[in-house]
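Close look at the chain arrangement
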Amino acid sequence: MAIKSYRDLETWQTAMDLVAEIYGVTKSFPKDELYSLTSQLRRAAVSVPSNIAEGQGRDSTKEFLHHLSIAHGSLCEVETQLLIAQRLEYLTREESERLASLAASVGRLINGLSRSLRK
C-alpha cells in the first residue's frame, strides 16, 4: 500500500494511541501537577505524532528523518516523565507497564521507519 498521508503510517497511528492513553491517565494526576508534570507529559506526547506528521509532509527524506529524530527525542521525554509519575505514585503499576509497552512500540516503529527511509 502506498503512503498517501501521514495518517496511513502505522507509526503515526500508534503514537496517536499513546497520546490518547496519556491524556486518559493524566486526568487523575493531582491538580497541583496540572501546569507542571501533567502539562509537560501531554505536550511531549503530542509532539511525537506531530513531528511524524510534519516530517512526512516535508519535501525531502532528509527532513523527514530529522523530524523522526525529534519525535524519538520527545518519546524519550515521555518515557522519562512516565517513570517520574510512577515514582511519585501517580500511576499504578499496570498503567505504567501498559504505557511503557506502548511507548516502546512507538519507538520500534520510529526506528523501523527511519531505517526504511535510509535505504
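Quick summary incoming for the structure in this document. (Residues numbered from 1 in each chain as written. Predicted model: local features only at pLDDT ≥ 70, side-chain atom pairs only at ≥ 80, totals over all residues. Heavy atoms only, no water.)

Quick look at the packing of helix 3 (residues 61-87) against helix 4 (residues 93-118) now. Packing of helix 3 against helix 4 leaves a shortest axis separation of 10 Å and a crossing angle of 165°. Classified by the angle their axes make, helix 3 and helix 4 are roughly antiparallel. Remark: the crossing between helix 3 and helix 4 carries left-handed chirality. Seen from helix 3, the contacting residues are Thr-61, Phe-64, Leu-65, Leu-68, Ala-71, His-72, Leu-75, Glu-79, Leu-82 and Gln-86; seen from helix 4, they are Ser-96, Leu-99, Ala-103, Ala-104, Val-106, Gly-107, Ile-110, Asn-111, Leu-113, Ser-114, Leu-117 and Arg-118. By residue class, the composition of the contact of helix 3 with helix 4 is 13 nonpolar, 7 polar and 2 charged. (Axes fitted to C-alpha atoms, helices over the stretch in contact; angles between N-to-C directions. Helix = DSSP H or I, 4+ residues; strand = E, 2+ residues; numbered from the N terminus. Parallel < 35°, antiparallel > 145°, perpendicular 65-115°, else oblique. Left-handed = near helix turned anticlockwise from the far one by under 90°. Contact = heavy atoms within 4.5 Å. Nonpolar A, V, L, I, M, F, W, Y, C, P; charged D, E, K, R; others polar.)

Bringing the nonpolar core into the picture now. Counting residues in hydrophobic clusters, the biggest one holds 29 residues, and the most contacted among them are Leu-18, Val-48, Ile-52, Val-78 and Ile-110. Broken down by secondary-structure element, the contributors of at least two residues to this core are helix 1 (10-26), helix 2 (34-57), helix 3 and helix 4. Contacts of Val-48, omitting those with residues within four sequence positions, involve Ala-15, Ala-71, Ser-74, Leu-75, Val-106 and Ile-110. (Core = buried A, V, L, I, M, F, W, Y, C linked by side-chain atoms within 4.5 Å. Buried < 20%, exposed > 50% of the residue type's maximum accessible area, 1.4 Å probe, protein only.)

Now for the packing of aromatic side chains. For the structure shown, the criterion picks out 2 aromatic pairs. With centroids separated by 5.2 Å and ring planes inclined at 70°, the aromatic side chains of Tyr-6 and Trp-12 adopt a geometry described as edge-to-face. Exposure remark for Trp-12: the relative accessible area of 15% places this residue in the buried category. On the basis of an interplanar angle of 50° and a centroid distance of 5.3 Å, the ring pair of Phe-29 and Tyr-90 is categorised as tilted. In this pair, Phe-29 is assigned in the loop between helix 1 and helix 2 and Tyr-90 in the loop between helix 3 and helix 4, connecting sequence segments 61 residues apart. Since its relative accessible area comes to 3%, Phe-29 is described here as buried. (Phe/Tyr/Trp six-rings, centres within 6.5 Å; stacked < 30°, edge-to-face > 60°.)

Mapped onto the elements of the fold, Val-78 is located in helix 3. Overall, the relative accessible area of 0% leaves Val-78 in the buried class. For the pair Val-78 and Arg-98, spaced 20 residues apart in sequence, the C-alpha to C-alpha distance is 13 Å. With near-sequence residues (within four places) excluded, Val-78 lies in contact with Leu-18, Ile-22, Leu-41, Ala-44 and Ala-45.

Because each turn of an α-helix spans 3.6 residues, side chains separated by three or four positions end up pointing in the same direction. Helix length check: helix 1 (17 residues) gives 24 Å between terminal C-alpha atoms against 24 Å at 1.5 Å per residue, within 8%. Of the positions making up helix 1, those classed as buried are Thr-11, Trp-12, Thr-14, Ala-15, Leu-18, Val-19, Ile-22, Val-25 and Thr-26. Buried residues along helix 1 cover an arc of 165° about the axis, so they all sit on one side. Residues of helix 1 that are exposed and point over 90 degrees away from its buried face: Glu-10 and Ala-20. (Expected span 1.5 Å × (residues − 1). Arc of directions from axis to C-beta.)

As far as function goes, none of this settles anything; it's purely spatial.
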